[in-house]
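# Structural characterization, general
Now for the letters of each chain:
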Amino acid sequence: AQSVTQLDSHVSVSEGTPVLLRCNYSSSYSPSLFWYVQHPNKGLQLLLKYTSAATLVKGINGFEAEFKKSETSFHLTKPSAHMSDAAEYFCVVTLLTGNQFYFGTGTSLTVIP
Amino acid sequence: EAQVTQNPRYLITVTGKKLTVTCSQNMNHEYMSWYRQDPGLGLRQIYYSMNVEVTDKGDVPEGYKVSRKEKRNFPLILESPSPNQTSLYFCASRRGQNYGYTFGSGTRLTVV
């Protein structure tokens, strides 16, 4: 079985400071991992994905994530938060051979001016 | 523009009245899926489809039906809606297993 846990339901950072959103997964096999962002009253947008290539993945809007198999983690980071980053972020895991896409419960990011 | 289009965006209905939420994608994607989003629960998969005439249950399929008669369309059918199906619904499609989903804008359904 596979699942994904987002360790923080809410994160607040000041504008210009680093962002860290934590995600741990459990999977019996090699997973694919994704981060999505959802702005208020909007759909979901793909930020980045890991599918067994480079372990450090760069995404849109300056976000990146590192796949650490030994820690079963896929944390999302950004060096400097911007006001427009305020949104809900979802970590997703799926098997390379799987058809189901498992979402974490989300982390709400607040950026303080 | 490559997109997933779902309609309607908002729907209020009464218990027991059959309804259909349509979903269409113009990217020739093999995979399509329906999710519901509820506060504190994230997104949960209702049904997914790997190709025309191939569908399977997700985590919360009870009370829903789907069909995939054409590659581009994947409607979600609620035969007899109940208040616990009040939720925000998303349709999504993707090219294949190594790809992320592209999501529609969502349908906010209220069942009274």
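The structure we're discussing is the one just above.
Let us look at the structure shown here. This structure is a prediction, so every number in the text was calculated from the model and none was measured.

The next point concerns the interface of chain A and chain B. Taken together, the contact pairs 22 residues of chain A with 24 residues of chain B. Of the roughly 1,700 Å² buried at the junction of chain A and chain B (both faces included), carbon and sulfur atoms supply 49%. Those elements that provide at least two residues to the side of chain A that touches chain B are strand 5 (31-38), strand 6 (44-50), strand 10 (87-95) and strand 11 (102-103) of chain A. Top contributing element to the side of chain A that touches chain B by residue count: strand 5 of chain A, with 4 residues. Residue composition of the side of chain A that touches chain B, grouped by class: 9 nonpolar, 11 polar and 2 charged.

In this section: a nonpolar patch on the surface. A contiguous nonpolar patch, built from Ile12(B), Val14(B) and Val112(B) and spanning about 300 Å² of accessible area, is present on the exposed surface. Structurally, the position occupied by Ile12(B) is in strand 2 (residues 10-13).

Residues and elements named next belong to chain B. Reading across the sheet, the 4 strands line up as 1-3-8-7 and stay open at both edges, with antiparallel pairing between neighbours. Strand pairing shows two members of the sheet lacking a second neighbour, strand 1 (4-7) and strand 7 (65-66), which therefore form its edges. As defined by bridge partners, strand 7 adjoins strand 8 (residues 76-78) across 2 bridges and the pair is classed as antiparallel. For Val66, the partnering residue across the bridge sits in strand 8 and is Leu76.

The rules behind each value
- Residues numbered from 1 in each chain as written.
- Chains lettered and ligands numbered in written order.
- Predicted model: local features only at pLDDT ≥ 70, side-chain atom pairs only at ≥ 80, totals over all residues.
- Heavy atoms only, no water.
- Contact = heavy atoms within 4.5 Å.
- Buried area = accessible area lost by both parts, 1.4 Å probe.
- Helix = DSSP H or I, 4+ residues; strand = E, 2+ residues; numbered from the N terminus.
- Nonpolar A, V, L, I, M, F, W, Y, C, P; charged D, E, K, R; others polar.
- Patch = residues over 30% accessible without salt bridge, like charges linked within 9 Å, V, L, I, M, F, W, Y side chains within 5 Å.
- Areas by Shrake-Rupley, 256 points an atom, 1.4 Å probe, with all protein chains shown as cover.
- Salt bridge = Lys/Arg side-chain N within 4 Å of Asp/Glu carboxyl O.
- Pairing = 2+ DSSP bridges.

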